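Here is what each chain is made of, one letter per residue.
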Amino acid sequence: MWTYHSDLLATPVPRYTSYPTAAEFSEDVGAAEMGAALGRVEPDTELSLYLHIPFCREICWYCGCNTGAANRSARLDAYLARLSDEIELVARRLGGRGRVGRIAFGGGSPNAIAPAAFTRLVEQAKAAFGATDPVLSVEVDPRGFDAEWAAALGAAGVSRVSLGVQSFDPAIQAAIGRVQPRADIAATVALLRGAGVASINFDLMYGLPGQTVEALAASIDESIALGADRLAVFGYAHVPHLIPRQRRIDATALPDAAARFEQAALAHARLTAVGYAAIGFDHFALPGDTIAVAAREGRLRRNFQGFTEDEAEVLIGLGASAISQFPDLLVQNEKNAGRWHMDVSAGRLAAARGIRRSTEDQWRAAAIEELLCQGRADLGGIQGRSTIALRLARFAALKLVRWEGSVLLLAPEALPYARVIASALDVYRGPAATRFSSAV
């Protein structure tokens, strides 16, 4: 189904979980802008919360997340106490305005903390923000997950869990510093089902050291056999100049660009062949899953958590390095845990960097999101459409895109090129983009 055009994938591009991307954030935007944005929230504005837990029991070498080892209880306790303070601080700024429909816990690994601590955070967030019955989602590391944690998720009413799996192949697991036997993953799935979790996502990766299409296919088949409702199949981004821990990965063993393309194509073909719906360019879901329903109904969205059925226009991030999104503003908390602690303990919002979104930025953000989620976008409100068309001339010549007036449409075979096509709308991108991940 897909044809490999190496020249079209030669330049790394962002994943476009926001526009402008985090690469455009600066210290010109911070706590004052965050406070003003909170003040503009209307009483009936739909909100989502994201709580960042930047700890893991073990640190995987491939990981680009802001996380550290959960090896000191005092460190975890101090972080959780300050996160509790930040929940109250932000809730006071909102003063009861806004309706929280979703609360997501990510990391790191939220299950690096004690189950009782998680329970307290859920109860506090619901009370502070007046969230009576929010959709709860949690990222889980199967390593160390147990019945006590499953019971906590069940009692809290968590309905969505994402498992960090990456690969079932023992040799590949060793090569990326994430050893977890299949039995541990299967046991975690059984515990989650017993706790009433309705939707379980498996994160898998391609482009890993020593990985072949056969190894990826085996991991996909294992995921299907274990009953994954959703799968996110990401291309590994090897950027050791930005993430020092990745220097432990043997770069000479990484698949080349053509092999990565073949692996991405294999994932799409194998999953769609057994009934999973393709969601965007790298997610898949069973037809009855809520994200598949949202995609069919044209309600699929994309934010810092990837493809989602969450339609909230305002996302509030809590915790060190967490990002908040407002229609006219993107803002990130202090990445440095020490400075984040100091800000919150002093009663200050911890926002430290970000970007104001102009009307043009908002138009382009909406178009990029629509293009990635729906495969089409009306560029009628965007300036410089002739420049965009020129940048996409090669894609049009290959029939990967076409125009119907001001509407840009992707052909089905354009899926692996979606991010590159979206980058034609990005006025911030120049010719050099080594800080971004491979285009596929």
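Definitions and cut-offs
Residues numbered from 1 in each chain as written. Predicted model: local features only at pLDDT ≥ 70, side-chain atom pairs only at ≥ 80, totals over all residues. Heavy atoms only, no water. Pairing = 2+ DSSP bridges. Helix = DSSP H or I, 4+ residues; strand = E, 2+ residues; numbered from the N terminus. Axes fitted to C-alpha atoms, helices over the stretch in contact; angles between N-to-C directions. Contact = heavy atoms within 4.5 Å. Salt bridge = Lys/Arg side-chain N within 4 Å of Asp/Glu carboxyl O. Buried < 20%, exposed > 50% of the residue type's maximum accessible area, 1.4 Å probe, protein only. Parallel < 35°, antiparallel > 145°, perpendicular 65-115°, else oblique. Left-handed = near helix turned anticlockwise from the far one by under 90°. Nonpolar A, V, L, I, M, F, W, Y, C, P; charged D, E, K, R; others polar. Phe/Tyr/Trp six-rings, centres within 6.5 Å; stacked < 30°, edge-to-face > 60°. Polar contact = N/O pair within 3.5 Å; in protein donor to acceptor, adjacent residues only side chain to side chain. Core = buried A, V, L, I, M, F, W, Y, C linked by side-chain atoms within 4.5 Å.

An order of β17-β19-β18 is seen for the three strands of this open sheet, with the pairing classed as antiparallel. The outermost strands of the open sheet, each flanked by one partner alone, are β17 (376–378) and β18 (401–404). On average, each strand axis in the sheet is tilted by 20° relative to the strand beside it, whichever way the strands run. Relative to strand β19 (residues 407–410), β17 runs antiparallel, the two sharing three bridges. The residue of β19 that forms the bridge with D378 is V407. Across the sheet, helix α11 (residues 359–374) lies against β17 and β19, angled at about 155° from β17, the strand it touches most.

Attention shifts here to the pattern of salt bridges. Side chains that differ in sign of charge can pair as their charged atoms come close. Per the stated rule, a full pass over the model turns up 24 salt bridges. A salt bridge links D229 to R193, with the nearest nitrogen and oxygen atoms 2.7 Å apart. Of this pair, D229 sits in the loop between α7 (213–225) and β8 (230–235) while R193 sits in helix α6 (residues 182–194), placing them 36 residues apart in sequence. Judged by its relative accessible area of 11%, D229 is buried. One salt bridge in this structure joins D426 and R429, with 2.7 Å as the shortest N-O distance. A cluster of three or more residues bridged by salt bridges with shared partners is formed by E58, D141, R143 and R178.

A word on the packing of α7 against helix α8 (residues 257–273). For the pair α7 and α8, interaxial distance at closest approach is 10 Å and the crossing angle is 30°. Taken together, α7 and α8 sit at an angle that is classed as roughly parallel. For α7 against α8, the interelement crossing comes out right-handed. The segment α7 lies against α8, with V213, L216, A217, I220, D221 and I224 engaging E262, Q263, L266, A267, R270 and L271. Tallied by class, residues from the contact of α7 with α8 come to eight nonpolar, one polar and three charged.

A full pass over the atoms with the stated rule returns nine aromatic pairs. Look at F281 and F307: their rings are 5.2 Å apart centre to centre, the planes differ by 75°, and that puts the pair in the edge-to-face class. In this pair, F281 is assigned in the loop between β9 (277–279) and β10 (283–285) and F307 in strand β12 (residues 306–308), connecting sequence segments 26 residues apart. For the pair shown, F281 and F307 are each scored as buried.

Quick look at the packing of helix α3 (residues 115–129) against helix α4 (residues 147–156) now. Their axes nearest at 9 Å, the elements α3 and α4 cross at an angle of 15°. For the element pair α3 / α4, the angle class is roughly parallel. With respect to the hand of their crossing, α3 and α4 are arranged in right-handed fashion. Here α3 contributes P115, F118, T119 and V122 to the contact with α4, which in turn contributes E148, W149, A152, L153 and A156. A per-class count over the contact of α3 with α4 returns seven nonpolar, one polar and one charged.

Turning to the pairing of strand β1 (residues 46–53), a few remarks are in order. A regular strand places its side chains on the two faces of the sheet in alternate fashion. With seven of eight residues buried, β1 is to be regarded as a mostly interior element. Bridging between β1 and strand β4 (residues 99–107) involves eight bridges; their strand directions are parallel. Among the inter-strand pairings, I53 is bridged to a residue of β4, identified as G107. In the sheet, β1 pairs with strand β13 (residues 314–318) via five bridges, with the strands oriented parallel. Each bridged residue has a counterpart across the sheet, and for S48 the counterpart in β13 is L315.

Turning our eyes to something else, we now look at the environment of A225. Along the chain, A225 falls in helix α7. Separated by 24 residues in sequence, A225 and N201 have C-alpha atoms that sit 13 Å apart.

Turning our attention to unusual backbone geometry. In this model, Y19 is joined to P20 through a cis peptide bond whose omega is -10°. Note that P20 resides in the segment before α1 (31–39). In this model, G107 is joined to G108 through a cis peptide bond whose omega is 15°. Following the sequence through the fold, G108 ends up in the loop between β4 and α3. Of note, the phi angle at Q166 is positive, near 70°, even though the residue is not glycine.

Note that R178 resides in the loop between α5 (170–176) and α6. Looking at R178, its side chain comes within polar contact range of the side chain of D141, at 3.2 Å. Those residues within four positions of R178 in sequence are excluded, and the remaining contacts are C60, Y62, D141, P142, R143, G164, V165, Q166 and Q173.

This part covers the nonpolar core. One finds F118, L153, L163, F202, I316 and I421 to be the most contacted residues of the largest nonpolar core, which totals 117 residues. If one sorts the elements of this core by residue count, helix α2 (residues 73–94) sits on top with nine residues. Those residues in contact with L153, other than ones at most four positions away along the chain, are F118, V138, V140, F145, V158, V161 and L192. One finds Y62, C63, I172 and I176 within the second-largest nonpolar core, a separate group that totals eleven residues.

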